[in-house]
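A closer look at the structure
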Amino acid sequence: MAPRLQLEKAAWRWAETVRPEEVSQEHIETAYRIWLEPCIRGVCRRNCKGNPNCLVGIGEHIWLGEIDENSFHNIDDPNCERRKKNSFVGLTNLGATCYVNTFLQVWFLNLELRQALYLCPSTCSDYMMGDGIQEEKDYEPQTICEHLQYLFALLQNSNRRYIDPSGFVKALGLDTGQQQDAQEFSKLFMSLLEDTLSKQKNPDVRNIVQQQFCGEYAYVTVCNQCGRESKLLSKFYELELNIQGHKQLTDCISEFLKEEKLEGDNRYFCENCQSKQNATRKIRLLSLPCTLNLQLMRFVFDRQTGHKKKLNTYIGFSEILDMEPYVEHKEPAKSQTRKPKCGRGAHCSRNAYMLVYRLQTRERPGTPIQVPAFLQELVDRDNSKFEEWCVEMAEMRKQSVDKGKAKHEEVKELYQRLPAGAEPYEFVSLEWLQKWLDESTPTKPIDNHACLCSHDKLHPDKISIMKRISEYAADIFYSRYGGGPRLTVKALCKECVVERCRVLRLKNQLNEDYKTVNNLLKATVKSSDGFWVGKSSLRSWRQLALEQLDEQDGDADQSNGKMNGNTLNKDESKEERKEDEEELNFNEDILCPHGELCISENERRLVSKEAWSKLQQYFPKAPEFPSYKECCSQCKILEREGEENEALHKMIANEQKTSLPNLFQDKNRPCLSNWPEETDVLYIVSQFFVEEWRKFVRKPTRCSPVSSVGNSALLCPHGGLMFTFASMTKEDSKLIALIWPSEWQMIQKLFVVDHVIKITRTEGGDAHPSETQYISEPKLCPECREGLLCQQQRDLREYTQATIYVHKVVDNKKVMKDSAPELNVSSSETEEDKEEAKLDGEKDPDFNQSNGGTKRQKISHQNYIAYQKQVIRRSMRHRKVRGEKALLVSANQTLKELKIQIMHAFSVAPFDQNLSIDGKVLSDDCATLGTLGVIPESVILLKADEPIADYAAMDDVMQVCMPEEGFKGTGLLGH
């Protein structure tokens, strides 16, 4: 037996022999487990369940003994955020902006570029006021150059270990959560910077990008016939090197500059020979920039998938790159053909995508670059804020340490005085004691209300979440923290203990009474000498009795089964009570809705007086029905009326089914697209009327008869028809039912018809004698028809929380075969059953029910639209198949947001998703689903890109689907 159950049994063992009126103070203290011995630290390793005297393992271990001061706070040392001497300043990664930070550091270390940017005029003069910067305003750079100025100044002289580049990233309009092509970013930003600086008057500033990053090469073509050489000069800011099939950087450069033979169909037209000739073509380096950017082409285009893929090829390179053999000089030297020297410090990488080399012979500035005064003032101001923050954090650390030390002394003093022993005592919530010993939360006032019984005293079953402490310690706690109520020895509740004693005695007696009642039920009972009891109640009376005793026991089961300090969730407790209230009590299963004896004898049986007397001991409030008690008179009347109504409904249904057999069986129905020859007139009713009528005829005892034909649902408020002849042969055919003239005569006899709608076929007039015309009565209302179509389109484009379906395909085939199209509602038994499950009071506004009594109101245009929505929803509902997933979407959400939903559903990254609907590719991530034509119940096909392996080079290849937009919409493209 578990220790908790042993304690519970020991605390109440006396109740087996003591009657409730004999309960003494000793019994009460035994029930509250005051007799239990306190636990000793070192011997008891964890807090004992249910022992109010055990004060071990409640969180005291962190305070006893020596304590590290750092445990009193959770504030990091602010000096860890300080820049170390002779070290560089870092940049915060804002999510996926590592490529931006990399280039910012590279450009910052280019001293000439940094110096030129410092020389750019700045609008900071407008920000300056008098002798300094306006204190109440934060500096916000206005241009790209000003952002770089401020960032470079901070990187140079900031006291911080790292700075935040979010202002610069925001100015460019970059998405911090989207990884971009770093090489493309470098090209676009250099172009933007060069264009911005071209407006500067200072030539050292205006030409800095070309001076630092621009080199020159020539495309040289030599005719093999005449030896004529033609050159096409071109500037470059980086060299794009193919790495596929290479292991060393020098091999990549050699391939970039190698000769290409122009032969066969690819021959070169020589202007000197005036004919196509074999020739050679190559790139000849003429001059190198001061800063040479070498882009390693890790992303290559895969023609099979139409996407880019990444090559994870290892490339070796050295810290010093000898470019002398690759450059063409003006007095040619023999050393030009020598192989390049391998510099010291060789490296190897499979991820590097750009290498940046500085020209060694270039003279570097002799004196350190000075930050302009206005920028230095901004940096000083930021450094002052940082120092203030450091002081503030240090002070907070100190305050936390001081509080911790004081708390340490308090705990060491009070914890030794907590055990009550034989002195006066009080009870305190274990949860509060644990929070008092918790260093991470401030101590709140004591709250013992959760442990009170209905008599505002300590509940005996809550003793497991309470602790008994000395009165001395309780006085200190309440004086320092307040709260209450204080639970002294007077708070032990005698009323609860007496009631619990009574319940326990009944529980012990229950097993014997259960056997007795079972034996009594076997005896035959005279019809005039017994009591009616529900069969369901008899089957479960023992369980009901136990549950009722537990409820009377003060929700004992809810507290006894919990660990120390864990109380039942309030919301869960309310929910359980609500469910219990909804369950029937003993013998309530034979109550009718009027509170009398039900008329069904199959649900009850007679029991003897002796058996009823035993049952009444446990259920004194149960409804009592002697054998001579008459059944409910109201129920008898209703039963007779119900039987009469059922018979009447069956008769009506049989008459209508016999009168309209083909309409009921949906056989031999006319069709507008293939007009029957035997008649020139067809009548129209709403399909909804036909469905409701068929439902009644099938199950007349479960449905109310349909008494009228509500054709106004098919008309506009002006009385005009809402459908064209063409639409009734196509999309609107699901909303109407065609009626033969003979059937229409019968419908007019059986139902009340509000409006007659018919289509008449006539031969053409004098102008077109051979042309057949179809005339509707009433005529079409063009204005309302157009309004209806507009409303339908808006409904399809302005939805919220609608369901669509996403189906993943492989090799252009669906993963699972589609199921058969959904059958019409009228022939679907399952759908009918769902419709019949409506509440009794829920009636359709378009039709009078036989038991209605209210006159049918003319349906409005809005009601018609609502009706049509219902029919469309029922008839065009998509049937979900296996392998397909349903998503809730809204018309105003973007395609990008939908791709994120699909990523969570199918584990396919957004850039690997190829989506289409009805053969149309969905590609505009910024477009809304409504504008893309995605409507409720749509099925979107998902095709995921699969990884591609480069078996020829035996390199690991990772599939990367680059977004087509790239930097579209950012400041890099002038937006």
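Residues numbered from 1 in each chain as written. Predicted model: local features only at pLDDT ≥ 70, side-chain atom pairs only at ≥ 80, totals over all residues. Heavy atoms only, no water.

1. Let's talk about the packing of helix α6 (residues 144-157) against helix α12 (residues 373-415)
This is how it is decided: Only the stretch in contact is used when fitting a helix axis, every axis being a line fitted to C-alpha atoms; angles between N-to-C directions are given from 0 to 180 degrees. Secondary structure is summarised from DSSP: a helix means a run of H or I of at least four residues, a strand means a run of E of at least two, and numbering begins at the N terminus for each. Working definition: roughly parallel below 35 degrees, roughly antiparallel above 145 degrees, roughly perpendicular at 65 to 115 degrees, and oblique for all remaining angles. If you view the pair so one helix is near and one far, a crossing is left-handed when the near helix is turned anticlockwise from the far one by less than a right angle, and right-handed when it is turned clockwise. Note on contacts: a residue pair qualifies if any of its non-hydrogen atoms lie within 4.5 Å across the two residues. Under this grouping Gly is polar, as are all residues other than the nonpolar Ala, Val, Leu, Ile, Met, Phe, Trp, Tyr, Cys and Pro and the charged Asp, Glu, Lys and Arg.
The geometry of α6 relative to α12 is characterised by a closest axis approach of 9 Å and an angle of 60 degrees between their N-to-C directions. Relative to α12, the element α6 lies oblique. By crossing handedness, the relation of α6 to α12 is classed as right-handed. Contact residues: Q149, Y150, A153, L154 and N157 in α6; F374, L375, Q376, L378, V379, D382 and N383 in α12. Here the residues of the contact of α6 with α12 are counted per class, giving seven nonpolar, four polar and one charged.

2. Brief notes about the sheet that holds strand β28 (residues 758-763)
This is how it is decided: Strand pairing is assigned whenever DSSP identifies at least 2 bridges connecting the two strands.
Across the sheet, which stays open at both edges, the four strands sit in the order β26-β24-β28-β29 with antiparallel pairing between neighbours. Two strands bound the open sheet, and with one partner strand each, they are β26 (736-739) and β29 (772-777). Strand-to-strand, the axes of this sheet are offset by a mean angle of 30 degrees, without reference to chain direction. Where strand β24 (residues 681-686) meets β26, four bridges bridge the pair, whose relative direction is antiparallel. Its bridge partner lying in β26, V685 is registered against A737. Docked against the sheet, helix α23 (residues 687-698) engages β24 and β26, running at close to 70 degrees with respect to β24. Contacts from helix α25 (residues 741-750) reach β24 and β26 within the one sheet, and its direction differs from that of β24 by about 45 degrees.

3. Here we look at the packing of helix α3 (residues 98-108) against α6
In the contact formed by α3 and α6, the axes pass within 11 Å of each other and the chain directions differ by 75 degrees. Between α3 and α6, the interaxial angle falls into the category roughly perpendicular. Between α3, through L104, Q105, W107 and F108, and α6, the contact on the second element is made entirely by L148, L151, F152, L155 and Q156. Taken together, the residues of the contact of α3 with α6 break down into seven nonpolar, two polar and no charged.

4. Focus: the packing of aromatic side chains
Applicable threshold: Here a pair means two rings of Phe, Tyr or Trp (six-membered ring of Trp) with centres within 6.5 Å. Their orientation is stacked below 30 degrees between planes, edge-to-face above 60, and tilted elsewhere. Only protein chains enter the calculation, and the probe is 1.4 Å; a residue is then buried if its accessible area is under 20% of its type maximum, exposed if over 50%, and partly exposed in between. Think of it as a cone above the ring: NZ of Lys or CZ of Arg counts as a charge over the ring if it is within 6 Å of the ring centre and within 35 degrees of the ring normal.
Taken as a whole and judged by the stated rule, the model has 27 aromatic pairs. For the pair F185 and F189, a centre-to-centre distance of 5.9 Å together with 25 degrees between the ring planes defines the contact as stacked. Separated by four residues within a single helix, F185 and F189 lie in helix α8 (residues 182-197), roughly one turn from each other. With a relative accessible area of 0%, F185 lands in the buried category. When the centroid spacing of 5.8 Å and the interplanar angle of 35 degrees are considered together, the rings of Y514 and W541 count as tilted. Here Y514 is found in helix α15 (residues 494-522), whereas its partner W541 is found in helix α17 (residues 541-552), with 27 residues between them in sequence. We classify W541 as buried; its relative accessible area is 1%. Members of the aromatic cluster, connected to one another through ring pairs, are Y99, F103, W107, F168, F185 and F189. In this structure, R417 is placed above the aromatic ring of Y472, and the distance from its NZ or CZ to the ring centre is 3.9 Å. The ring centre of Y514 lies 4.9 Å from the NZ or CZ of R542, which sits over that ring.

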